[in-house]
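# Residue-level structure breakdown
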Amino acid sequence: MRDARKILIAGAGPAGLTAGFELASRHGFDVHIFEASDIIGGISATVRHGGNRMDLGGHRFFSKSARVNDWWLARMPLTDDPDADDRCMMTRPRVSRIYYMRRFFDYPVRMSAQTLLNMGPIRTLRAGAGFIGARIHRRPEDNLENFYINRFGKPLYEMFFEDYTEKVWGVHPSKLGADWGSQRVKGLSLAGLVKDMLSKTFSSKRDASKVETSLIEQFIYPKYGPGQMWETVADDFRKLGGKLDMQSQVTAVNVDPASRRINSVEVLGADGSSRTIGCDSFISSMPLRELVGALRGIDIPDDIARIAAGLPYRDFITVGLLVPELALRNKTAIKTHNDRIPDTWIYVQERSVRLGRIQIFNNWSRYMVADPDHTMWIGLEYFCNEGDAMWRMTDGDFIGMAVRELRQIGVITDATPVLDSIRLRVRKAYPAYFGTYRELDKLRRFLDSIPNLYCVGRNGQHRYNNMDHSMLTAMEAADAIASGNPSRDAIWSVNTEEDYHETSR
């Protein structure tokens, strides 16, 4: 039997779709999801172009939550024979490296013989002395720079964190809150890396639940990319009777002044028409800045409006390039097709280019590439602010710059032809940890005073969540609605545990 309560959800990313599916499948609620864009999955979407598929951002399917892992595999079972079934997950090796000084370093940085050889004796001695100094003289962790230096020492911080972090966020790490490190790499340090290396060397059995997430060596992945998972969930949600409207933007959230409860939302459709839909509860994965700006019928204190308006975001541009081969060759122990490098991600820390990261889609899943045996389909990731010089560049100029940078750092040669290309912009990809972020608790308390409002997901909580964390916030919201639990503490506490972190997106 269906529950008579009407639940409205803003956003068809992992958080919105998880909440919608949970409420419709487990509890029989009447659920309606509104997605402002024309793609399913948010930044976990997979875009089709020229017979190839590209992720807006690579997403490893790995979680320390049994509930999340079981949820994924219930939608798309794990298989050893992906040729036999299109709706499946595969096990993939985790290979991500740093490209610095035209050399490859393990990511996270490992104190291996190759790392020491790449660094050279002088840099190695400086790194060791810096780490010892950082252990003796701990810095107050009031910014991200000090957070990193305490764990790696200043020389390694300057080599592998300082410039790349500024490239990603657009501000120096000393201006960023240490919270970002707390939520992404809290369990990771030079001492932890050495401990993990010794553990692998002297023990054949390791408890996977106790391995720092950043050190995992394999993960599961949908045959056709992460977007396939969310397209599958969206289809299943509709089969349950759920409604999903694309290109439908929530423009106003109406609050009854007396009860302070949300009673309806206003939605702008693709055809330009506006409609008002009543609800019993509202789940929002909208950016907090937009959510507060959309509230109607309730007084917004000046301080709350200021905090919401001052929350910063970092935007993102990705370029897909199809080339016959890369100039980089495989020098690892991993066997690859045509001696290609095995990396899924390459973190580009060459200071001379603006390029931040390279995805090699062949290595995520060969099924994402139309001709994986004869072409390499790669994604070039740039971090920017909406409206800045990079954002305003034409597609042709931007793609031309990206190709020149690849040639400049030796990833492709001057003679390598570009067979196909596409450029995509992604707004508000990363909630940033500066500006008014330090006052987020005040904003949370105000939003929690609206009894039937539930904020979930990365932008919905202004927290740099991984996909599984966003899903867990949605699951907690669905549980709270179904049980009538008025507390939002469990929703906001996701991704605050010290032993549950990940350095990838």
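Structure shown above.
Here the residue numbers are simple positions, counted from 1 along each chain's written sequence. For this predicted model, a pLDDT threshold of at least 70 governs which residues receive local features, and a threshold of 80 or more governs which side-chain atom pairs are given and counted, while totals over whole chains, interfaces and linings are taken from all residues. Based on all heavy atoms of the structure, the side-chain values leave hydrogens and waters out of the count.

### Description of the sheet that holds strand β2 (residues 30–34)
One open sheet holds the 5 strands; their spatial order is β9-β2-β1-β13-β20, and the pairing between them is parallel. Two strands bound the open sheet, and with one partner strand each, they are β9 (243–245) and β20 (453–455). Between one strand axis and the next, the sheet turns by 15° as a mean value, whatever way the strands run. The contact definition used throughout considers only heavy atoms, calling two residues in contact when any of these lie within 4.5 Å. Only the stretch in contact is used when a helix axis is fitted, and all axes are lines through C-alpha atoms; the angle between N-to-C directions ranges over 0 to 180 degrees. Numbering of helices and strands runs from the N terminus; a helix is a DSSP stretch of H or I covering at least four residues, while a strand is a stretch of E covering at least two. Sheet strands in contact with helix α1 (residues 14–25) are β1 (6–10), β2, β9 and β13 (281–284), and its direction is about 165° off that of β2. Pairing between two strands requires that DSSP report at least two bridges joining them.

### As for the environment of G435
Residue placement: G435 occurs in the loop between β19 (420–431) and α14 (440–448). A sequence separation of 298 residues divides G435 from H137, and the C-alpha atoms of the two residues are 29 Å apart. Sequence-distant contacts of G435, defined by excluding residues within four places in its chain, comprise G310 and P312.

### Considerations on the sheet that holds strand β12 (residues 274–278)
Taken together, 4 strands build an open sheet; the order of strands is β12-β11-β10-β14 and the sheet is mixed. Looking at which strands have only one partner, the edges of the open sheet turn out to be β12 and β14 (295–296). Here strand β10 (residues 249–255) runs beside strand β11 (residues 262–268); their pairing, made up of 6 bridges, is antiparallel. Residue pairing in the sheet places N254 in a bridge with S264 of β11.

### Some points on a negative patch on the surface
Together, D80, D81, D83 and D85 make up a region of like negative charge exposed at the surface. When you line up the elements, D80 lands in the loop between α2 (66–75) and β5 (89–93). Relative accessible area serves as the criterion here: at 83%, D80 is assigned to the exposed category. Exposure above 30% relative accessible area and no salt bridge define the residues that can form patches, which grow by joining like charges within 9 Å and nonpolar side chains of Val, Leu, Ile, Met, Phe, Trp and Tyr within 5 Å. In short, Shrake-Rupley with a 1.4 Å probe defines the accessible areas, and a residue's cover is counted only from the protein chains shown. By salt bridge we mean one thing: a side-chain nitrogen of Lys or Arg within 4 Å of a carboxyl oxygen of Asp or Glu. In this tally, Asp and Glu contribute negative charge and Lys and Arg positive charge; neither His nor the terminal groups of the chain are included. Charge placement uses NZ in Lys and CZ in Arg. For Asp and Glu, CG and CD serve respectively. Categorising residues by exposure relies on relative accessible area from a 1.4 Å probe, with only protein chains included: less than 20% of the type maximum marks a residue as buried, more than 50% marks it as exposed, and the intermediate range marks it as partly exposed.

### Structural notes on the pairing of strand β4 (residues 52–55)
By the alternation rule, side chains of β4 split into N52 and M54 and R53 and D55, which are all buried. Where strand β3 (residues 46–49) lies against β4, 4 bridges are found, and the strand directions are antiparallel. From the neighbouring strand, V47 faces β4, where its bridge partner is M54. Between β3 and β4, which pair antiparallel and follow one another directly, the connecting turn spans 2 residues, one of which, G50, has a positive phi of 55°.

### Quick notes on the layout of surface pockets
Both cavities and pockets are sets of points on a 1 Å grid over the protein atoms alone; in a cavity a 1.4 Å probe fits but cannot get out, in a pocket the set is open with protein on both sides within 12 Å along at least five of seven lines, and lining residues sit with an atom within 4 Å of a point. Grid points are joined across faces, edges and corners, and a volume is the space filled by probe spheres set on the points. Roughly 1100 Å³ of internal volume is contained in the largest pocket. Broken down by secondary-structure element, the contributors of at least two residues to the lining of the largest pocket are α1, β10, β19, α15 (457–461) and α16 (467–483). The dominant element in the lining of the largest pocket, judged by the number of residues it contributes, is β19, at 6 residues. Of the residues that constitute the lining of the largest pocket, the class distribution is 17 nonpolar, 17 polar and 7 charged. Considered as a void within the structure, the second largest pocket measures approximately 660 Å³ in volume. If you go around the second largest pocket, you meet 24 residues; those closest to its centre are R97, F104, D106, K331 and T332. Elements represented by at least two residues in the lining of the second largest pocket include exactly β6 (96–100), β7 (103–106) and α3 (113–136). Element by element, the count of residues in the lining of the second largest pocket is highest for β7, at 4 residues. Ten residues, namely Ala, Val, Leu, Ile, Met, Phe, Trp, Tyr, Cys and Pro, are considered nonpolar, four, namely Asp, Glu, Lys and Arg, are considered charged, and the remaining ones, Gly among them, are considered polar.

### Re the nonpolar core
To define a nonpolar core, start from buried Ala, Val, Leu, Ile, Met, Phe, Trp, Tyr and Cys residues and group those joined through side-chain atoms within 4.5 Å. By size, the foremost hydrophobic cluster in this structure holds 122 residues, and its most contacted members are W72, W230, F282, L443 and L447. For this core, the element with the most residues is α16, which contributes 9 residues. If we skip the residues at most four places from it in the chain, L447 touches L288, L291, V292, L295, L453, C455 and R488. Grouped together as the second largest cluster of nonpolar side chains are 32 residues, I341, V353, M401 and A402 included.

### Topic: α14
Helical periodicity: at 3.6 residues per turn, an α-helix aligns residues three or four positions apart in one direction. Among all positions of α14, only L440, L443, F446 and L447 are buried. Buried residues of α14 fall within an arc of 120° about the axis and therefore sit on the same side. Exposed and facing more than 90 degrees away from the buried side of α14 are D441 and R445. Among the structural elements, α9 (288–294), β14, α10 (302–309), β20 and α15 are those in contact with the buried residues of α14. Read the arc as the range of directions from the helix axis to the C-beta atoms.

Geometric descriptors of this kind do not, in isolation, establish any biological role.
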